[in-house]
Structures are given as structure tokens and as C-alpha cells.
Amino acid sequence: MQAFQDFYPENVAHCYGCGRLNADGHQIKTFWDGDETVTRFQPKPEHTAIPGFVYGGLLASLIDCHCTGTAAAAMYRAENRAMDSLPAFRFVTGSLQVSYLKPTPLGPQLEIRGRVKEIKGRKVVVEATLYAEGVATARGEVVALQMPDSFTA
Ligand SMILES: CCCCCCCCCCCCCCCC(=O)SCCNC(=O)CCNC(=O)[C@H](O)C(C)(C)COP(=O)(O)OP(=O)(O)OC[C@H]1O[C@@H](n2cnc3c(N)ncnc32)[C@H](O)[C@@H]1OP(=O)(O)O
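Attention here is on the structure that accompanies the text. Note that this is a predicted model, so its numbers are computed, not measured.

Moving on: the nonpolar core. Membership of the largest hydrophobic core comes to 32 residues, with the highest contact counts inside it found for Leu62, Phe91 and Leu130. Those elements giving two or more residues to this core turn out to be α1 (56–78), β4 (110–120), β5 (123–132) and β6 (135–146). The element contributing the most residues to this core is α1, with 11 residues. Those residues in contact with phenylalanine 91, other than ones at most four positions away along the chain, are Thr68, Ala71, Ala72, Met75, Arg122, Val124, Ala144, Leu145, Gln146 and Met147.

Turning our eyes to something else, we now look at unusual backbone geometry. Going from leucine 86 to proline 87, the amide bond is cis rather than trans, its omega being 0°. Examined against the element boundaries, proline 87 turns out to sit in the loop between α1 and β3 (91–100). Of note in the backbone geometry, asparagine 80 takes a positive phi value of approximately 55° without being a glycine. Along the chain, the position of asparagine 80 falls in the loop between α1 and β3. Positive phi values are uncommon outside glycine, yet glutamate 133 reaches one of about 50°. Positionally, glutamate 133 belongs in the loop between β5 and β6.

Surveying the vicinity of the ligand reveals 25 residues, the closest of which are Phe89, Gly94, Lys120, Arg122 and Lys123. Within the backbone of glycine 94, a nitrogen or oxygen atom sits 2.9 Å from a nitrogen atom of the ligand. Here an oxygen atom of the ligand and a side-chain polar atom of arginine 122 are 2.3 Å apart. Coverage of the ligand by the protein chains reaches 62% of its 1300 Å² of free accessible surface. For the shell around the ligand, the secondary structure elements donating two or more residues are α1, β3 and β6. Tallied by class, residues from the shell around the ligand come to 17 nonpolar, three polar and five charged.

Read across the sheet, six strands follow the order β1-β2-β4-β5-β6-β3 without closing on themselves; strand pairing throughout is antiparallel. The open sheet has two edge strands with one neighbour each: β1 (30–33) and β3. Adjacent strand axes in the sheet meet at a mean angle of 25° when their direction is disregarded. Sheet topology note: the β5/β6 ladder contains 10 bridges and is antiparallel. Opposite threonine 129, over in β6, you have arginine 139 as the bridge partner.

What follows deals with the pattern of salt bridges. Two side chains of opposite charge can pair, provided their charged atoms sit close to one another. Applying the stated criterion across every chain yields a total of nine salt bridges. Here glutamate 79 ties to arginine 81 by a salt bridge, and the two come within 3.8 Å at their closest N and O atoms. Since its relative accessible area comes to 45%, glutamate 79 is described here as partly exposed. Arginine 81 sits in the partly exposed class, given a relative accessible area of 22%. In this structure, the salt-bridge partner of arginine 113 is glutamate 111, at a minimum N-O distance of 3.2 Å. Exposure remark for glutamate 111: the relative accessible area of 21% places this residue in the partly exposed category. Each of Asp33, Glu36, Arg40, Glu111, Arg113 and Arg115 takes part in salt bridges that share partners, so that together they form one network.

Thresholds applied
Residues numbered from 1 in each chain as written. Predicted model: local features only at pLDDT ≥ 70, side-chain atom pairs only at ≥ 80, totals over all residues. Heavy atoms only, no water. Core = buried A, V, L, I, M, F, W, Y, C linked by side-chain atoms within 4.5 Å. Buried < 20%, exposed > 50% of the residue type's maximum accessible area, 1.4 Å probe, protein only. Helix = DSSP H or I, 4+ residues; strand = E, 2+ residues; numbered from the N terminus. Contact = heavy atoms within 4.5 Å. Near = heavy atom within 4 Å. Polar contact = N/O pair within 3.5 Å; in protein donor to acceptor, adjacent residues only side chain to side chain. Areas by Shrake-Rupley, 256 points an atom, 1.4 Å probe, with all protein chains shown as cover. Nonpolar A, V, L, I, M, F, W, Y, C, P; charged D, E, K, R; others polar. Pairing = 2+ DSSP bridges. Axes fitted to C-alpha atoms, helices over the stretch in contact; angles between N-to-C directions. Salt bridge = Lys/Arg side-chain N within 4 Å of Asp/Glu carboxyl O.

Put into C-alpha cells, the structure is as follows:
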């Protein structure tokens, strides 16, 4: 099954968090699960904050890219379009808010689940919860905006 990120056009597929063409990046993969979206990610030992626990910046990055991917997929769904149809929707982060609820243990695979809160014009608001072994350890919200033309290099 193809992930949302597998549909990103080449010129927006280098993001450190989600770009499939960024060999050194996280290359997250996000899928629909009913009305929710899900990403699973295995942190590495170098993603340490305090020994035994995951660095919060990584968690923010996972939530960020999970939500921008969800925003793009949700816009396709709202318009009843296939994700490989043109023109492509491209989203960037307007704002990213993260609350760290509990320390996130380093070791288990993490699961991020997202839900679309609002679609309005070029804006999609997505909320996400990050779980370690079924326990919610972080929660976030992203305001994703369709990328203006000025963003392309
Ligand atoms: C699946 C198939 C694939 C298809 C293909 C997909 C490609 C998918 C590529 C992904 C690629 C990786 C993405 C990674 C995530 C980053 O790491 S992206 C990098 C970090 N983000 C940035 O650098 C963004 C920099 N900021 C900007 O470029 C501009 O400020 C923005 C965010 C585009 C907004 O500017 P704008 O479009 O002129 O916004 P504007 O028209 O003023 O406002 C529109 C609405 O958004 C709201 N808004 C605007 N800015 C903000 C803000 N900063 N905070 C909150 N709300 C805001 C406004 O209040 C307004 O809301 P309403 O009044 O309509 O309710």
C-alpha cells in the first residue's frame, strides 16, 4: 500500500521529516485508518533526550510531518480526487503546537494518530496524538496551509 508521502511530487519530496528522497531524513509513512491517519516510527538510539527517553524535538517533527501529510490527503479526500491526480496539493506548516504529556520511552515503536479538525479554504487544521505502547505521551496540533508559489526555490 502506498503512503501519502509516496505521492509527493519530486520537488517537495526532500523534507527532513517526510521526504522519501531525503536519505538522511525520517522518511515517515502515513496511511488512512478509517477517518484517522496513522504513522508508525521506530526511534533510534541517537534520538535520545535523557537516556531511555525520546528527544522531544523528534516527537514534534513526527507530529509536524504526520499532520502536513494528513492535510494533503484530507484535501484530496474532500475533493474526491485520487492522490496522484494533478494539480498536487502541497502543504507547509503555519503553526505547530505540541504538549508533552509523559516521558516517551526509547525502544518501542511509536504510533501517531491524526484527525482532521477543520478544512477551510487553503487551511487544514489537524490534531494528532503520539502513543508509546498504547500510552499517549504527546499531543499536537498543526495548522497546515497550501504552499504559496513563493516557496519553490
Ligand atoms: C498526498 C499527496 C501529495 C501531494 C503533495 C503534497 C506535498 C506536501 C509537501 C510537504 C512538505 C513538507 C512539509 C513539512 C513541514 C514544514 O517543515 S514546512 C516548513 C516550515 N513552514 C514554513 O516555512 C512556512 C512559512 N510561512 C509561510 O510560507 C506563510 O506564512 C504560510 C504558512 C504559507 C501562510 O501564508 P498565507 O498562505 O499567505 O496565509 P494567509 O492567506 O494569510 O492565511 C490563510 C489562513 O491561514 C491562517 N494562517 C496563516 N499563517 C498562519 C500561521 N503561521 N499560523 C496559523 N495560522 C495561519 C490564517 O489565519 C488564515 O486563516 P483563516 O482566516 O482563513 O481562517
